[in-house]
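# Survey of secondary and tertiary structure
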Amino acid sequence: RNGAAGGTKPVIELSDVAFGYTASPVVEDISLTIDEGEYVAVVGPNGSGKSTLMRLMLGLLRPDSGVAKLFGEPSHTFDDGARIGYVAQHASASKKMPITVREVVKMGRFPHVGFGRLSADDWAIVDDALETVGMSAFADRRVTQLSGGQRQRAFIARALAGEADLLVLDEPTVGVDAESVEAFYDLLESLNDDGITVLLIEHDLSAVTEQAERVVCLNREIYFDGPTSEFVESDALARAFGTAANFVGGSR
Ligand code: ADP
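Residues numbered from 1 in each chain as written. Predicted model: local features only at pLDDT ≥ 70, side-chain atom pairs only at ≥ 80, totals over all residues. Heavy atoms only, no water.

If you tally the helices and strands in the chain, you get nine helices and 10 strands. The proportion of buried residues among the 252 residues of the chain is 47%. A fraction of 70% describes how many contacts in the chain between residues 6 or more apart in sequence connect residues 24 or more apart. Accessible surface, the chain: about 11,500 Å² in total, of which carbon and sulfur atoms supply 47%. (Helix = DSSP H or I, 4+ residues; strand = E, 2+ residues; numbered from the N terminus. Buried < 20%, exposed > 50% of the residue type's maximum accessible area, 1.4 Å probe, protein only. Contact = heavy atoms within 4.5 Å. Areas by Shrake-Rupley, 256 points an atom, 1.4 Å probe, with all protein chains shown as cover.)

As structure tokens, this is what we get:
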């Protein structure tokens, strides 16, 4: 499975990237390419540099050495934010946001309409996005009234309304009830089938091994980068995680 687009255009390219917040590097020797249409999971123990790597990929941090590119441009100068849909852990998302689901999804159009009025076509895109994630019936509900899983779907719909071609999700199912988790990953899979590149930062190994076609296992350096089936067979997990055995099996 390589998405409908199935192309080999690189979305993210890191060459020999190193970065540290202080003198000592938090990540180093990082070289990897993620192509259009891939579904990649980045796994690693707490503090292994997953979030840092994501920030480097998205240009929110600049490498101390090496090169990070996003859609072929240096990541830190890339400015077409609508192409990237970012979904954070819901816990950090939105107690302070008493707006409706439709209003959240509408924001996805802002980069396209320049804060102008949405046209009928824009609203059709918003409605399509709501339907794709199965949230049409909740369009007028306030996001504060949603379950964790519904809220994550609303944020995915916002990315779809923005016509994102890269979805980046940072442990998106933390705090989402077990029943909704399955459906949530099914949604990611179907979006990936439609050609959207999915980059999942994940602590829950069961989700990773069920869904992602490629695993990048990180602990400061890359311990493994390859097909999920090979990752499961390899000793990369034990090497990268050491005694962090509580990781194995995930948090579900
Ligand atoms: P993960 O996402 O895998 O838990 P992080 O990338 O958040 O890992 O953190 C990697 C290391 O970098 C940790 O030791 C963390 O304490 C440190 N770190 C993360 N963010 C900052 C920051 N803003 N300033 C200084 N140190 C940081």
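Right, let's talk about the environment of D122 for a bit. Note that D122 resides in helix α4 (residues 120-132). Each C-alpha atom of the pair D122 and F110 lies 9.7 Å from the other, and the pair is 12 residues apart in sequence. The contacts of D122, once residues within four sequence positions are left out, are R109, V113 and R117.

Right, let's get into the confidence of the model for the chain. In the predicted model, the chain carries a mean pLDDT of 87, and the fraction of residues at 70 or more is 89%. Contacts for the low-pLDDT stretch residues 1-6, under 50 throughout, to residues beyond four places or in other chains number 21 contacts. Confidence drops under pLDDT 50 across residues 244-252; counting only partners more than four residues distant or on other chains, this segment forms 21 contacts. (pLDDT = per-residue confidence, 0-100.)

Now for the site of the ligand. Close contacts around the ligand come from Y21, V26, P45, N46, G47, S48, G49, K50, S51, T52 and R55, and that covers them all. At a separation of 3.2 Å, an oxygen atom of the ligand approaches a polar backbone atom of S48. Taking 560 Å² as the accessible area of the ligand by itself, protein coverage stands at 55%. Tallied by class, residues from the shell around the ligand come to three nonpolar, six polar and two charged. (Near = heavy atom within 4 Å. Polar contact = N/O pair within 3.5 Å; in protein donor to acceptor, adjacent residues only side chain to side chain. Nonpolar A, V, L, I, M, F, W, Y, C, P; charged D, E, K, R; others polar.)

A few words on the pairing of strand β1 (residues 10-19). Relative to strand β2 (residues 27-35), β1 is paired through six bridges, and the arrangement is antiparallel. For P10, the partnering residue across the bridge sits in β2 and is D35. Taken together, the five bridges between β1 and strand β4 (residues 65-70) define a ladder with antiparallel strand orientation. By the bridge assignment for β4, S15 is matched with V67. (Pairing = 2+ DSSP bridges.)

A word on the pairing of strand β10 (residues 221-227). Relative to β10, strand β9 (residues 214-219) is paired through six bridges, and the arrangement is antiparallel. Bridging across to β10, R214 finds its partner in P227. Adjacent in sequence and paired antiparallel, β9 and β10 are bridged by one residue, among which R220 carries a positive phi angle near 70°.

So, about the side chain of R214. Relative to the helices and strands, R214 resides in strand β9. Of the polar contacts made by the side chain of R214, one reaches the side chain of D225; its length is 2.8 Å. Residues in contact with R214, not counting those within four places in the same chain, are L32, T33, I34, E38, Y39, V40, A41, D225, G226, P227 and T228.

Moving on, we come to the nonpolar core. Within soluble globular proteins, side chains that are nonpolar generally end up buried alongside one another. One finds I156, L169, L188 and F231 to be the most contacted residues of the largest nonpolar core, which totals 47 residues. Per element, the largest residue contribution to this core is seven residues, and it comes from helix α5 (residues 148-161). Composition of this core by domain shows at least three residues from each of domain 1 (1-79 + 213-244) and domain 2 (81-212). Grouped together as the second largest cluster of nonpolar side chains are 28 residues, I12, L14, V27 and I30 included. (Core = buried A, V, L, I, M, F, W, Y, C linked by side-chain atoms within 4.5 Å. Domains from an automatic or database assignment.)

Strand order in this open sheet of six strands is β6-β7-β8-β3-β9-β10, and the pairing throughout is mixed. The strands lining the two open edges of the sheet, one partner per strand, are β6 (84-87) and β10. The mean inter-strand angle of the sheet, taken between neighbouring strand axes irrespective of direction, is 15°. Note: strand β3 (residues 39-43) against β9, four bridges, orientation parallel. (Axes fitted to C-alpha atoms, helices over the stretch in contact; angles between N-to-C directions.)

So, about the side chain of T173. Mapped onto the elements of the fold, T173 is located in the loop between β7 (166-170) and α6 (178-193). Leave out the neighbours within four places in its chain, and T173 touches V181, F184, Y185 and E202.

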